[in-house]
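# Results of the structural survey
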Amino acid sequence: MPRNLFSHGAVLAGSVAIVLSVVSLIPVAVDRVQLNTASLSRELQTWRARGQYYVHTKEDATTAGIFYIDERCSEGKGDKGTLLLLHGFPSSSYDFAGALWEGLMSQYSRIITLDLLGYGFSDKPRSPSENYSIMTEADVTEGLLQHLAIEQVHILAHDIGDTVAQELLARFNGRAAHGSAGVRNPFSPNISSICFLNGGLFPEQHRPSTTQKLLNNDVIGSILSSVSSYSMFARSLTPVFGPKTQPSSTFLRDTYASLQFNGGKLILPRLLKYMAERRANRDRWVGALVNSRCKIGLINGPADPISGIHAAERYRELVPKPWVYMLEDQIGHYPHVEAPQAVLQGYREFCNC
């Protein structure tokens, strides 16, 4: 038998075995709908209590509740601007809690963050018509900013938040070049700057994890998300962190709790469709970086297997006059969690450049 044929057969057999083993677990799968807060730590409950909800009306006239936090700094005088924080997959705005948030409060008059649709404490509709597209997430973000009467904003984004920020940048570039005619939302705020953390800015450089690939599979994804457990989640997320900055059990449990809140793990396969969107919209979103009408930069954890040093090198290749801040060699995919003080230092340098 030819070697390559044997290899393909082994892969197929392995995939079938995975599906069959997963199917056998369905009768004892964890609860499909988890709407209560019993699994939330005290810290997560406190974070939730700091926020409120914005009701977003989508293009199809359906509505969704979007969790957000809007805090103002009481120290100092004058307007130091507004910062918007956009989180990554599969976590939530809670990624920004703690030392990073406190450090950023000294730089800005106002900080806003939200849980994107389908994430954290925001609604997670399971209607078949809900596609959780990046366009929808950008609409949600613009809608919140408009609701809060924000006219000018700085953005710090991570992972899928990077992609949402790229779409926001593409819209901003279009308004700056052509005015409000024909744009999706002519009342969107102006963007002063965007700083990206690790994320799939360039689809050709993005290296999804094995779990992401399985969840993104139309057949396996829905089964795997139904039977996933905390231990499976922890094993899949831990490898994207740096070898010396592994996530604490507290971070993992809080992230998992926010993920499964309102049955969120059941929609994981649909959330991951952003990977295909990145490929389909590459020209638009990479073009937004190349033709940016505002200051942009990248803070990168090089040990990230998904979007580490290889993504930073691509950024330098394609973006004119690139501003890149490389963290220590062993920082991974979640630099703001792994090394918040280093990210703060890098972000200060970005703001002052």
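Residues numbered from 1 in each chain as written. Predicted model: local features only at pLDDT ≥ 70, side-chain atom pairs only at ≥ 80, totals over all residues. Heavy atoms only, no water.

### Side note on unusual backbone geometry
Here is the rule we go by: A run of H or I in DSSP becomes a helix once it reaches four residues, and a run of E becomes a strand once it reaches two; helices and strands are each numbered from the N terminus.
Residue P90 is reached from F89 by a cis peptide bond, and omega for that bond is 5 degrees. With respect to the helices, strands and loops of the structure, P90 is situated in the loop between β3 (82-86) and α3 (99-105).

### Concerning the nonpolar core
Across soluble globular proteins, you tend to see nonpolar side chains buried next to one another. Selection criterion: Take the buried residues of types Ala, Val, Leu, Ile, Met, Phe, Trp, Tyr and Cys, join any two whose side-chain atoms come within 4.5 Å, and each joined set is a nonpolar core. Buried residues are those whose accessible area, probed at 1.4 Å on protein chains only, stays under 20% of the maximum for their type, while exposed residues exceed 50% and partly exposed ones sit between those limits. Any two residues whose heavy atoms approach within 4.5 Å are treated as being in contact.
If you look at the biggest cluster of nonpolar residues, it comprises 63 residues, and the most contacted ones within it are L86, L114, I155, I194 and I296. Apart from the residues lying within four places of it in its own chain, the contact partners of I155 are L83, L84, L86, A165, L168, I191, S193, I194 and C195.

### What about the pattern of salt bridges?
Quick note on the threshold: The salt bridge definition used is simple: a Lys or Arg side-chain nitrogen within 4 Å of an Asp or Glu carboxyl oxygen.
A complete count under the given rule lists 11 salt bridges for this structure. In this structure, the salt-bridge partner of R50 is E71, at a minimum N-O distance of 2.8 Å. Of this pair, R50 sits in helix α2 (residues 42-50) while E71 sits in strand β2 (residues 63-72), and the two are 21 residues apart along the sequence. With a closest N to O distance of 2.7 Å, E167 and R171 form a salt bridge. Of the two residues, E167 and R171 are both situated in helix α5 (residues 160-178); the distance of 4 residues between them amounts to about one turn of the helix. Residue classification places E167 among the buried positions, given a relative accessible area of 1%. A relative accessible area of 7% means that R171 is categorised as buried.

### Some remarks on the packing of α5 against helix α12 (residues 282-290)
This is how the line gets drawn: Throughout, an axis means a line fitted to C-alpha atoms (over the contacting stretch in the case of helices), and angles, computed between N-to-C directions, take values from 0 to 180 degrees. Orientation categories follow fixed angle ranges, with anything under 35 degrees roughly parallel, anything over 145 roughly antiparallel, 65 to 115 roughly perpendicular, and all other angles oblique. Take the far helix as your reference; a near helix turned counterclockwise from it by less than a right angle gives a left-handed crossing, and one turned clockwise gives a right-handed crossing. Residues were grouped as follows: Ala, Val, Leu, Ile, Met, Phe, Trp, Tyr, Cys and Pro as nonpolar; Asp, Glu, Lys and Arg as charged; and all remaining residues, including Gly, as polar.
In contact at an axis separation of 8 Å, α5 and α12 are set at 70 degrees when each is read in the N-to-C sense. Accordingly, the angle class assigned to the pair α5 and α12 is roughly perpendicular. In this structure, α5 meets α12 at a crossing whose hand is left-handed. Here T163, Q166, E167, L169, A170, R171 and N173 of α5 come into contact with α12, specifically with R284, W285, V286, A288 and L289. Across the contact of α5 with α12, the residue classes break down as 6 nonpolar, 3 polar and 3 charged.

### What about the sheet that holds strand β1 (residues 52-57)?
Where strands meet in a sheet, backbone hydrogen bonds hold them as pairs that are either parallel or antiparallel. Convention followed: The pairing criterion for strands is at least two bridges between them, as found by DSSP.
Strand order in this open sheet of 8 strands is β1-β2-β4-β3-β5-β6-β7-β8, and the pairing throughout is mixed. Every interior strand has two partners, whereas the edge strands, β1 and β8 (324-326), have only one. Here the strands of the sheet are splayed against their neighbours by 25 degrees on average, with no regard to which way each runs. As paired strands, strand β7 (residues 295-300) and β8 are joined by 3 bridges and run parallel to one another. Bridged to N300 within β8 is M326. Helix-sheet contacts for α2 involve β1, β2 and β4 (110-114), and the interaxial angle to β2 is about 90 degrees. Helix-sheet contacts for helix α15 (residues 340-352) involve β3, β5 (152-157), β6 (190-196), β7 and β8, and the interaxial angle to β7 is about 160 degrees.

### With respect to the pairing of β6
Among the 7 residues in β6, 5 count as buried, and that is most of the element. In terms of strand pairing, β5 meets β6 through 6 bridges, oriented parallel. Counterpart to A157 in the pairing with β6 is F196.

### Focus on the packing of helix α8 (residues 230-237) against helix α9 (residues 249-260)
Direction vectors running N to C along α8 and α9 enclose 115 degrees, while the axes themselves pass 10 Å from each other. Relative to α9, α8 is oriented so that their crossing is right-handed. For the pair α8 and α9, contact is made by Y230, F233, A234 and L237 and by S249, F251, L252, R253, T255, Y256 and L259, respectively. Class assignment of the residues belonging to the contact of α8 with α9 gives a composition of 8 nonpolar, 2 polar and 1 charged.

### Focus on the side chain of D304
Selection criterion: N or O atoms within 3.5 Å of each other form a polar contact, as long as, within protein, one can give a hydrogen and the other can take it, and as long as residues adjacent in sequence are counted only when both atoms are side-chain atoms.
In this structure, D304 sits in the loop between β7 and α13 (309-318). By relative accessible area, which is 2% here, D304 ends up buried. At 3.1 Å, the side chain of D304 and the side chain of N198 are in polar contact. There is a polar contact of 2.6 Å between the side chain of D304 and the side chain of H333. Leave out the neighbours within four places in its chain, and D304 touches N198, V240, H310, I331, G332 and H333.

### Some details on the state of the cysteines
How we decide: Criterion for a disulfide: a pair of cysteine sulfur atoms at a distance within 2.5 Å.
Tallying each qualifying case throughout the model produces 0 disulfides. With no disulfide of its own, C195 lies 7.5 Å from the sulfur of C351, the closest cysteine sulfur. With relative accessibility at 0%, the residue C195 sits in the buried group. Left without a disulfide partner, C353 is nearest to the cysteine sulfur of C351, which lies 8.0 Å away.

### A word on the environment of R348
Structurally, the position occupied by R348 is in helix α15. When the C-alpha atoms of R348 and G103 are compared, they prove to be 10.0 Å apart, with 245 residues separating the residues in sequence.

### A look at the side chain of T163
On the secondary structure map, T163 appears in helix α5. In this structure T163 comes out as buried when scored by relative accessible area, which is 0%. When residues no more than four places from it in sequence are discounted, the contact partners of T163 are I134, G200, R278 and W285.

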